[in-house]
Amino acid sequence: MRILVSADMEGATGVTWTDDVVPGTEQWQRFRRLLTADVNSCVEGLIAGGATDVLVNEAHSSQRNLLLEELHPNARLLTGRHKPLSMMQGIDSEVDGVVFLGYHAGAGEEGVLSHTYMENSMTGVWLDGVRASEGRLNAALAAEYGVPVLLITGDDRACLDAADYAPDAARVVVKECVSRYAAICYPPARTAADIRKAAEETVQKAGRTAPDVRAHRIEVEFDAAHLAQAAAVIPTVEQTGVRRVQVDTPNMTEAMKAFKIIATVAGRAIQGIYG
C-alpha cells in the first residue's frame, strides 16, 4: 500500500510566526526539526497501519525544509522546487491515499499564518464558488486521481476547514489559533503521539476510487488592482473585478497549473513596500 504525504510547514508543531518558516532564519532551523519530527511520527504510524511505501513530498516554500539525515528510514523524500504538481507531486504515481501534514487555513480566513500559496496579497481564493484553502484545492486534485485524503494535521482552523472538504479524513490539531501569529501550542511529545495514532488508524481507509474528472473555475481576489491586471495578461485568465480574476479549466490538474501561474505572475508584480 502506497501513501503520499504532502508536508507543509505553517501547520507544523509549534510554528506561529514568519521567521519560523522562512528559510535561512535561526527560527527556521529550529522548526525544521519539529516539522521533520511531525513527518516521522506520521510515517511511523502509516507503516504500523500497513503502508508498504511512504513518499514524502516537501510542500513548503523552497521545498527544501525537511532534514533528510533525520528522516524515518521507511520514507522516501521528494524535495526541491519546480515540480509539475507542486504540493501534490506524486499524486499521479498510483498512491492509495494522501496525508496533508502541517496544513493551514486559507487566504482571508482566521488561522495561524493563513494564506493560499502567496503569503500575502491574495485576500481570497474560490474553487467553484467555495472559498478555498490549499487543502481544498489539493483535495480536489487528489479526487481527480481517485486518491482519498486520509489525514490532515495543523491548527484547529485548518482542521475545521478540512472537516468540510475531507469529512471522512482523520484530523489532528497540533495548536489552537489565537491570531495569525499566535497559538496555544501542544508539546512535541503530545503531537507526535497524536499524529502517529491517527496515521496508523487511518490507513484502513486507503484505496483508490473512481477518478472525479470535471471542469473547474478558480477565482482569485488580490489586495491591489495592479495584481489583478498583471494576472489578466495570462491567456484564458479573465479580470472580473478591480482586484479579481478567474480562470475556467477542463479539469483540476489544469486548474492547479493555471493557479500556480497566476500566483507567480502576481508575485512578480509586487513592488517594495507598496505591494
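Residues numbered from 1 in each chain as written. Predicted model: local features only at pLDDT ≥ 70, side-chain atom pairs only at ≥ 80, totals over all residues. Heavy atoms only, no water.

- Per an unreviewed UniProt entry, the chain carries the name Peptide ABC transporter substrate-binding protein and comes from Saccharopolyspora rectivirgula.

1. Here we look at the overall build of the chain
For step 1, the next point in the chain: Of the regular secondary structure elements, the chain holds 6 helices and 12 strands.
For step 2, the next point in the chain: Expected size for 275 residues packed as a compact globule is a radius of gyration near 19 Å; at 18 Å, the chain falls within 12% of this value.
For step 3, the next point in the chain: Counting only C-alpha atoms, the chain reaches 50 × 45 × 30 Å along its principal axes.
For step 4, the next point in the chain: When burial is assessed residue by residue, the chain has 55% of its 275 residues classed as buried.
For step 5, the next point in the chain: Sequence separation of 24 or more characterises 67% of the internal contacts of the chain that already satisfy a separation of 6 or more.
For step 6, the next point in the chain: When the accessible surface of the chain is split by element, carbon and sulfur atoms take 51% of a total near 11,600 Å².
For step 7, the next point in the chain: When the 26 positive and 36 negative side-chain charges of the chain are each reduced to one mean point, those points stand 2 Å apart. (Helix = DSSP H or I, 4+ residues; strand = E, 2+ residues; numbered from the N terminus. Rg over C-alpha atoms; globule rule 2.2 N^0.38 Å. Buried < 20%, exposed > 50% of the residue type's maximum accessible area, 1.4 Å probe, protein only. Contact = heavy atoms within 4.5 Å. Areas by Shrake-Rupley, 256 points an atom, 1.4 Å probe, with all protein chains shown as cover. Lys, Arg positive; Asp, Glu negative; His and termini not counted. Charge placed at Lys NZ, Arg CZ, Asp CG, Glu CD.)

2. Here we look at the nonpolar core
For step 1, the next point in the chain: Core analysis: the largest hydrophobic core is formed by 51 residues, its most contacted members being Ile 218 and Phe 222.
For step 2, the next point in the chain: At 8 residues, the largest contribution of residues to this core is made by helix H6 (residues 252-268).
For step 3, the next point in the chain: There are two domains that each give this core at least three residues, and those are domain 1 (2-205) and domain 2 (216-269).
For step 4, the next point in the chain: With sequence-adjacent residues up to four places away left out, Ile 218 is seen in contact with Val 125, Trp 126, Leu 127, Leu 137, Val 245, Gln 246, Val 247, Met 252, Ala 255 and Phe 259.
For step 5, the next point in the chain: Met 9, Ala 12, Leu 46 and Ala 198 belong to the second largest nonpolar core, which has 36 residues in total. (Core = buried A, V, L, I, M, F, W, Y, C linked by side-chain atoms within 4.5 Å. Domains from an automatic or database assignment.)

3. A word on the UniProt feature "binding site: Zn(2+) 2" (unreviewed entry) in the chain
For step 1, the next point in the chain: Following the UniProt record, the feature "binding site: Zn(2+) 2" (unreviewed entry) maps to Asp 8, His 60, His 104 and Glu 134 here. In summary, the annotated positions, though distributed over 127 residues, converge in three dimensions, the widest C-alpha pair being only 11.4 Å. Cross-referencing the annotated residues with the largest pocket identifies Asp 8, His 60 and Glu 134 as lining it.
For step 2, the next point in the chain: Assignment of secondary structure puts Asp 8 in the loop between strand E1 (2-7) and helix H1 (26-48). (UniProt positions renumbered as here; feature names shortened; annotations may be inferred. 1 Å grid on protein atoms, 1.4 Å probe; cavity = no way out; pocket = protein on both sides within 12 Å on 5 of 7 lines; lining within 4 Å.)

4. Considerations on the pairing of strand E5 (residues 122-127)
For step 1, the next point in the chain: In terms of residue burial, E5 counts as a mostly covered element, since 5 of its 6 residues are buried.
For step 2, the next point in the chain: In terms of strand pairing, E5 meets strand E6 (residues 130-131) through 2 bridges, oriented antiparallel. Following the sheet pairing, Trp 126 is matched in E6 by Arg 131.
For step 3, the next point in the chain: Counted between consecutive antiparallel strands, the loop separating E5 from E6 contains 2 residues, among which Asp 128 sits at a positive phi close to 50°. (Pairing = 2+ DSSP bridges.)

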